[in-house]
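Take a look at the letters that make up each chain.
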Amino acid sequence: MAHPYTPTVVYEDNHLLCVSKRPGEIVQGDKTGDEPMSEALKGWLKEKYNKPGNVYLGVIHRLDRPVGGLVLFAKTSKALSRMNELFRTGDVSKRYWAVVTARPPKHSDTLEQYLVRNESQNKSYVARQGAATPGAKLARLSYRLLASGEHYHLLEIELHTGRHHQIRCQLAALGCPIKGDLKYGAPRSNPGGSISLLSRQISFTHPVSKEALTLTAPVPDERLWHDLEAAIVR
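Below: a short report on this structure. Just so you know, these numbers come straight off a predicted model, no measurement behind them. (Residues numbered from 1 in each chain as written. Predicted model: local features only at pLDDT ≥ 70, side-chain atom pairs only at ≥ 80, totals over all residues. Heavy atoms only, no water.)

Focus on the overall build of the protein
Heads up, the condition is: Only DSSP runs of H or I reaching four residues or more are called helices, and only runs of E reaching two or more are called strands; each is numbered from the N terminus. Our radius of gyration is a C-alpha quantity, and the globule rule it is checked against amounts to 2.2 Å times the number of residues to the power 0.38. The cut-offs for exposure are 20% and 50% of the maximum accessible area for each residue type, with area from a 1.4 Å probe on protein chains only; residues under the lower value are buried, those over the upper are exposed, and the others partly exposed. Any two residues whose heavy atoms approach within 4.5 Å at even a single point are treated as in contact. Calculation of accessible area relied on Shrake-Rupley with a 1.4 Å probe; when residues are assessed, cover is drawn exclusively from the protein chains displayed. A positive count includes Lys and Arg, and a negative count includes Asp and Glu. His and the chain ends are not counted in either. A charge is said to be at NZ when it belongs to Lys, at CZ for Arg, at CG for Asp and at CD for Glu.
Across its full length, the protein holds four helices and 11 strands. A compact globule built from 234 residues would reach a C-alpha radius of gyration of about 17 Å, and the protein, at 18 Å, matches this within 12%. Projected onto the principal axes, the alpha-carbon positions of the protein cover approximately 55 × 45 × 40 Å. Residues counted as buried form 46% of the 234 residues belonging to the protein. Across the protein, contacts joining residues at least 24 apart in sequence account for 62% of those joining residues at least 6 apart. Surface summary for the protein: the accessible area is close to 12200 Å², and the carbon and sulfur share equals 47%. Across the protein, the centroid of the 32 positively charged side chains sits 4 Å from that of the 23 negatively charged ones.

Shown next as structure tokens:
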């Protein structure tokens, strides 16, 4: 019998597994008690390779629940510790695609702000007093406009820091909330509570083979995404 969970695998070898997460899935367990991807993937790997006993799978990084796209897992403890170090030292390049509800003021720019996290609301805000605000952390990203449609615009974002809800908060502060992101000012929700933010590409040096890898997620199978992707001037 086929395992009930079938992931969209982007890359797999003996050390790493990269899958494209569906919006709504959680990477690690949380207070909802819903089954996380990490556990579902262990079951899938166990069946795929007919493995006796427990399957090792380490979570390297996470994505917000309503966000889709690339998530990396480690199949060995050696790969996990080495990937954790690459993320810690900033040697992993992460690019996101976002469908936003307004055209940004510039074609491309780097945004740098201090953000403060409100734990009880699970939301981040731009700090009014900048670095002087208690608990504020520097957030930096670069964006460029890839394509525009009648009502929506497609941005590519490169993260330079990894703050809580950073892309969502900084784009909203720019006046360009992400489609479907009610928490950060979008006018209406997406079906299923997703937001139109995709972890599109991850580039890094493989922790064991030392090969340069660039992994890319497919765009969601929705007309708006396909139309905007088709409108990109290559």
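Still more ground to cover, so stick around.
Details of the side chain of Ser38
In this fold, Ser38 is placed in helix α1 (residues 37–48). In this structure Ser38 comes out as buried when scored by relative accessible area, which is 6%. Residues contacting Ser38, with those up to four places away along its chain left out, are Val27, Gln28, Leu57, Val59 and Phe73.

Some remarks on the pairing of strand β2 (residues 16–21)
Put simply, the rule reads: Following DSSP output, two strands are said to pair if at least two bridges run between them.
With six of six residues buried, β2 is to be regarded as a mostly interior element. Side-chain alternation along β2 places Leu16, Cys18 and Ser20 on one buried face and Leu17, Val19 and Lys21 on a second face that is also buried. Sheet topology note: the strand β1 (residues 8–12)/β2 ladder contains four bridges and is antiparallel. Each residue of the ladder has a partner; that of Val9, found in β2, is Val19. In this sheet, strand β4 (residues 68–74) lies alongside β2 in antiparallel orientation, the contact comprising six bridges. By the bridge assignment, Leu16 is partnered in β4 with Ala74.

As for unusual backbone geometry
The backbone of Asn122 shows a phi angle near 50 degrees, a positive value even though the residue is not glycine. Residue Asn122 is classed as partly exposed on the basis of its relative accessible area of 34%. Phi at Lys210 takes a positive value of approximately 65 degrees, unusual for a residue other than glycine. Note that Lys210 resides in the loop between β10 (197–205) and β11 (212–216). A residue is classified by how much of its surface remains accessible, and Lys210, at 54% relative accessible area, is exposed.

A few points about the side chain of His165
The following threshold applies: Pairs of N or O atoms are called polar contacts if they sit within 3.5 Å, as long as, within protein, a hydrogen donor faces a hydrogen acceptor (for residues adjacent in sequence, only side-chain-to-side-chain pairs).
Inspection of the secondary structure assignment puts His165 in the loop between β9 (153–159) and α3 (166–173). Here Tyr184 takes part through its side chain, which lies 2.8 Å from a polar atom of the side chain of His165. Each residue touching His165, except ones within four places of it in the same chain, is listed here: Asp64, Asn122, Lys123, Ser124, Lys183 and Tyr184.

Looking at the nonpolar core
We apply this condition: Put simply, a nonpolar core is a bunch of buried Ala, Val, Leu, Ile, Met, Phe, Trp, Tyr and Cys residues held in one set by side-chain atoms that sit within 4.5 Å of each other.
Membership of the largest hydrophobic core comes to 32 residues, with the highest contact counts inside it found for Leu41, Phe73, Ile157 and Ile167. Elements supplying a minimum of two residues to this core: β2, α1, β4, β5 (93–100), β8 (137–148), β9 and α3. Take this core: its biggest share by element is five residues, from α1. The residues touching Ile167, leaving out its near neighbours within four places in the chain, are Tyr96, Leu141, Ile157, Leu159, Ile178 and Leu197. Grouped together as the second largest cluster of nonpolar side chains are 28 residues, Leu80, Leu146, Ala217 and Ile232 included.

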